[in-house]
Each structure stands twice: as C-alpha cells, then as structure tokens.
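What follows is the residue order along each chain.
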Amino acid sequence: MTLTGQELRPSRARLHHALRDSGVMPAAWSPAFEAIDRAWFLPTVMWPFDMTDATSVTCDRDTDPRAWFAAADANVPITTQWDDGRHAGPAPGRVSTSSASMPSVVMAMLDDLDVHPGHNILEIGTGTGWNAALLTHRLGPDHVTTIEVDPTVAATAENALHAHGLHPTLITGDGLLGHPAAAPYDRIIATAGLRKIPHAWVEQTVPGGVIVAPWGTRLTNADHVVRLVVADDGHSASGRFTTPVEFMKIRSQRPERLDQTAYLPDGFPGDATTTTTTLTSHDAGLEDPIRHPFTTVAGVLVGDCALLSDRRGAAVSAWLYGLTDRSWAAAVLDDAKPESTVYQSGPRRLWDELEKAHRWWTHAGSPTSDRFGLTIDPRGEYVWLDSPTRPIAV
C-alpha cells in the first residue's frame, strides 16, 4: 500500500494540540500553524536532534517515511545543512549550519513579536522558510521581507515557499545590514544567535517597534531571546530577556575554533600558577549553561573569554580561554570535594574574574534571567538588571 502524508501524520495534530494546550502557541497563530506544514520545508534527508542523547540522527524520507514524518512533527530542532553545504552523505557532518528550530521556540518568539495586521516585518535568517511562511500566511506577502546569507539555502526556501503559493520578498544577503529598501519595519525577528545586535536594525524599525532576537555572550553557546522596543527617538532600543535558547550563530559572529596548543605550547600545566576555589559546577552554571542565569552574568563580566566544560562522572573539567590574548584557566570541580585546584596562566587571571562575577551575582540576590535586559544605542549595547538605569558592572 502507498502511504499518504495524511496517513502518516497523527503526530502533526498531537504537536498542534500540545503547543496550543500548553499556552506556547497563542490562539492567533493556530490557523497559520494548521495551514502551513513544517514538513513542506524539510529536506528528504535531515538530522533531528535527539534531546535525550544530545545527538543528531539521520532521517531519510525515502527509506523510512514514518520516522521522517514523526521527526518533522516532533518538538525538536532539525539540522538541514552541515558545514555550510560542504557536507555530503547521510551521516551527520561536523558543524550544523542551517536548521529548522523547535516549534515551541518558533511559537514563543512569534508570540514575543506581537504582530498585527498591516505590520511590515523583516526576518533575518530565512533558513528552511517555515517561519517566513507562517508570517506570510498571517500578514500577507506584501508585509514580509526575509533575508538569507546562504544562496543555496535561500533558493531552497524560495522554491518551497513558491510551491505552496507563498511569496514573501526573499533577499540573499547579509542580514546584519537589514534591508533599508523596504524600511521602516514594525517588527524585526532574527532566527540565528547573535553576539552583537546591529544598530542598523534599530534605525530601520519604527519608534515603538519591536526587535526579537536570540542574544548571548562569547563565553558559551547559550542565548536568551531578547524583546527590544525601539524608543520614541528611534535611536535606541531596550527590553528584557524572555526564553533561554541555543541557536546556531549568525555566520560572521560564530565562535572561533580554539587551538589549545597555542595556549599551552609546552603542555599542561605549563607556567600556570595554582590557587583553590570553592565554586562548584552548579555555582558556575556548568550543569545547565543554557538556563542557568549566572551564565549570562559571567559572559558580560568576564568579557572576551570562552568557557568549555565536560562532565566525567562526579567531576566537571572547566577551561577558560582568553580571546584577545593567551590567558587561560582550568579546574576540575569534583562534586565530592569542598575545594578544587585552579590553574591560571597569562596576563589575565580568568578564574579570579569568574569568581568576582559570581560574587556580584550572589550579592545581587542571585537574580533570575527574566530580570536582565539589553539596551542598544549608537554607542553599542549593554546588559542591565531590572532597569536600563542599572547596567551590570562589578
């Protein structure tokens, strides 16, 4: 028997109900979700992320359509491109470089965006085209502009959109520049993680308009969705963090690959000095860096630094690497020990900076992520606690 899409899709109805009943999907977005099938925008071979094992698995629609459709209808992110398109074959590649985001995250960000009929929308990062399709169904093609930096990804998304009667304006180019030709926008939404939100987006958004984007620091891959409202003067935007997430980073702001031999040419511990720390892996946010509120604080206060960690049994190995010099620090934080040895080398004492940041956070009352926010103005951007008048500072 030949199986049709409908026969394979009880999972799609379950996802719709789960998103709606949990409150993640606002009622206003339910018709668009029902009309616009995520599966239309997914490749024949794709790589859903197994949330339990934290691994990417291969799904091939031609060889196992039931598993493919089940993955398309699951609340998981799906990699659709590896290694900027250089990857070949069914096995996962090295670096995922384009994806379909988790439906719950898509809906949460669209809720933050707060669109209304007549709004002019700019989307940064077309990806598969599903998010642009949802916006187009809700607002109409004349009100949606979407930008994709990768020509192949853009062409694939455009083909999928047009195949289903959806015709937003699709631009191939650098989304960090925005798209002045169609400005001003009532709303801008980014679907890639950022380490710096360009002021050009503020300039291209109407006063009172909204910018929704995943933002984070260079310390880890963790992001927070931030909802910025443009000020009446049109020159600045401020808003709070909403959802903790982890997005693929916009290409020009990807983290650089670290070469440990450049930091320790003579091997570990090199010329490091030693101290001790009472910080635990939980204190440092290493158990869940995506959701732990200290991660953002540490990234702001320990600037130009990258943190890598790895749990082995009861111990977590943590490394800090300076990104503007060859400073480094390392410690093995053992759950069973009250103190751990810290190794530090270079002009910066990176572990000391981490502990100072942790003291700031605890003295502030260990604030949760929803108390933090971001402001962008012509001078740059800064993170604050509770109000833009309280920038984070040691």
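J.: Just checking my understanding: could you explain the overall build of the protein for this structure?
T.: When its secondary structure is counted, the protein shows 10 helices and 19 strands. Seen through its principal axes, the protein has C-alpha atoms that stretch 65 × 55 × 40 Å. Taking all 394 residues of the protein together, 50% fall into the buried category. By sequence separation, contacts in the protein at least 24 residues apart represent 59% of the contacts at least 6 residues apart. Working note: accessible area of the protein is about 17700 Å², and carbon and sulfur atoms make up 52% of it. When the 32 positive and 47 negative side-chain charges of the protein are each reduced to one mean point, those points stand 1 Å apart.

J.: So what exactly am I meant to see when it comes to the packing of aromatic side chains here?
T.: Centre-to-centre distance and the angle between the planes together describe a pair of aromatic rings. Inspection of every chain in the model, using the stated rule, returns 12 aromatic pairs. Put simply, the rings of Y263, F268, W319, Y321, W328 and Y343 touch in pairs and so form one group of aromatic residues. Against the face of Y263 rests R326, its NZ or CZ located 4.8 Å from the ring centre.

J.: How do you make sense of the layout of surface pockets when you look at a structure like this?
T.: Looking at the second largest pocket, its volume works out to about 220 Å³. Lining the second largest pocket are 13 residues, with F41, P43, T80, V153 and T156 positioned closest to its centre. With 5 residues, helix α6 (residues 151-163) is the largest single contributor of residues to the lining of the second largest pocket. Looking at side-chain class alone, the lining of the second largest pocket contains 6 nonpolar, 7 polar and no charged residues.

J.: Hey, could you run me through the sheet that holds strand β16 (residues 328-334) in this one?
T.: Sheets are built from strands that pair by backbone hydrogen bonding, the pairs being arranged parallel or antiparallel. Read across the open sheet, the 5 strands follow the order β13-β17-β16-β15-β14; overall the sheet is antiparallel. Strand pairing shows two members of the sheet lacking a second neighbour, β13 (273-277) and β14 (305-312), which therefore form its edges. Ignoring which end each strand starts from, the neighbouring axes of this sheet average 20° apart. The sheet contact formed by β16 and strand β17 (residues 340-345) spans 4 bridges and is antiparallel. Opposite W328, over in β17, you have S345 as the bridge partner. Sheet strands touched by helix α10 (residues 350-363): β13, β14, β15 (315-322), β16 and β17. Its angle to β15, the strand with the most contacts, is close to 110°.

J.: Mind showing me how you'd approach the sheet that holds strand β18 (residues 372-377) here?
T.: Overall, mixed pairing links the 9 strands, which are arranged β8-β7-β6-β9-β10-β11-β12-β18-β19 in an open sheet. Unpaired on one side and paired on the other, β8 (169-172) and β19 (380-385) mark the two borders of the sheet. Averaged over neighbouring strand pairs, the angle between their axes works out to 20° when direction is ignored. Here 4 bridges tie strand β9 (residues 185-190) to strand β10 (residues 205-215), and the two strands are oriented parallel to one another. Residue I188 lies in a different strand from β10, and its bridge partner there is I211. Packed onto the sheet, helix α5 (residues 130-139) meets β6 (121-124), β7 (144-148) and β9 and runs at close to 170° relative to β7. Contacts between α6 and the sheet are confined to β7 and β8, with β8 contributing the most and set at about 165° to the helix.

J.: How should I be thinking about the packing of helix α4 (residues 103-113) against α5 in this particular structure?
T.: When two helices pack together, their arrangement is given by the angle between the helix axes and the distance between those axes. Running from N to C, α4 and α5 point in directions that differ by 45°, and their axes come no closer than 11 Å. When the axes of α4 and α5 are compared, the pair comes out oblique. The two elements α4 and α5 cross, and the hand of that crossing is right-handed. Contacts between α4 and α5 pair P103, V106, M107, L110 and L113 from the former with W130, N131, L134 and L135 from the latter. Per-class residue counts for the contact of α4 with α5 are 8 nonpolar, 1 polar and no charged.

J.: Explain the pattern of salt bridges to me, please; I cannot follow it from the model alone.
T.: Side-chain pairs of opposite charge can arise where the charged atoms are in close proximity. Under the defined criterion, the tally for this structure stands at 19 salt bridges. As a salt-bridge pair, D21 and R20 come within 3.3 Å of each other at their nearest N and O atoms. Assessed through its relative accessible area of 59%, D21 is described here as exposed. Residue R20 is classed as partly exposed on the basis of its relative accessible area of 39%. Close ionic contact of D310 with R312 constitutes a salt bridge, the shortest N to O distance being 2.7 Å. For R312, a relative accessible area of 65% gives the class exposed. Taken together, the shared-partner salt bridges connect D84, R86, D150, R251 and R254 into one network.

J.: Is there a simple way to think about α6 in this case?
T.: The α-helix advances 3.6 residues per turn, and as a result positions three or four apart in sequence lie on the same side. Compared with the 18 Å implied by 1.5 Å per residue over 13 residues, the 18 Å span of α6 between its first and last C-alpha is a close match. The set of residues buried in α6 consists of V153, A154, A157, A160 and L161. Each buried residue of α6 lies within a common arc of 130° when the element is viewed along its axis, so the set occupies one face. Turned more than 90 degrees off the buried face of α6, the exposed positions are P151, T152, T156, N159 and A163. The secondary structure elements touched by the buried residues of α6 are β4 (78-82), β5 (96-100), α5, β7 and β8. For α6, the side-chain oxygen to backbone nitrogen distance between the N-cap and T152 is 2.9 Å, and the N-cap itself is D150.

J.: Sorry if this is basic, but what is going on with the environment of T63 here?
T.: Considering the arrangement of structural elements, one finds T63 in the loop between β3 (59-60) and α3 (65-72). Along the chain, T63 and L110 lie 47 residues apart, while their C-alpha atoms are 34 Å from each other.

The rules we used
Residues numbered from 1 in each chain as written. Predicted model: local features only at pLDDT ≥ 70, side-chain atom pairs only at ≥ 80, totals over all residues. Heavy atoms only, no water. Helix = DSSP H or I, 4+ residues; strand = E, 2+ residues; numbered from the N terminus. Buried < 20%, exposed > 50% of the residue type's maximum accessible area, 1.4 Å probe, protein only. Contact = heavy atoms within 4.5 Å. Areas by Shrake-Rupley, 256 points an atom, 1.4 Å probe, with all protein chains shown as cover. Lys, Arg positive; Asp, Glu negative; His and termini not counted. Charge placed at Lys NZ, Arg CZ, Asp CG, Glu CD. Phe/Tyr/Trp six-rings, centres within 6.5 Å; stacked < 30°, edge-to-face > 60°. Lys NZ or Arg CZ within 6 Å of the ring centre and 35° of its normal. 1 Å grid on protein atoms, 1.4 Å probe; cavity = no way out; pocket = protein on both sides within 12 Å on 5 of 7 lines; lining within 4 Å. Points joined across faces, edges and corners; volume = space filled by probe spheres on them. Nonpolar A, V, L, I, M, F, W, Y, C, P; charged D, E, K, R; others polar. Pairing = 2+ DSSP bridges. Axes fitted to C-alpha atoms, helices over the stretch in contact; angles between N-to-C directions. Parallel < 35°, antiparallel > 145°, perpendicular 65-115°, else oblique. Left-handed = near helix turned anticlockwise from the far one by under 90°. Salt bridge = Lys/Arg side-chain N within 4 Å of Asp/Glu carboxyl O. Expected span 1.5 Å × (residues − 1). Arc of directions from axis to C-beta. Polar contact = N/O pair within 3.5 Å; in protein donor to acceptor, adjacent residues only side chain to side chain.

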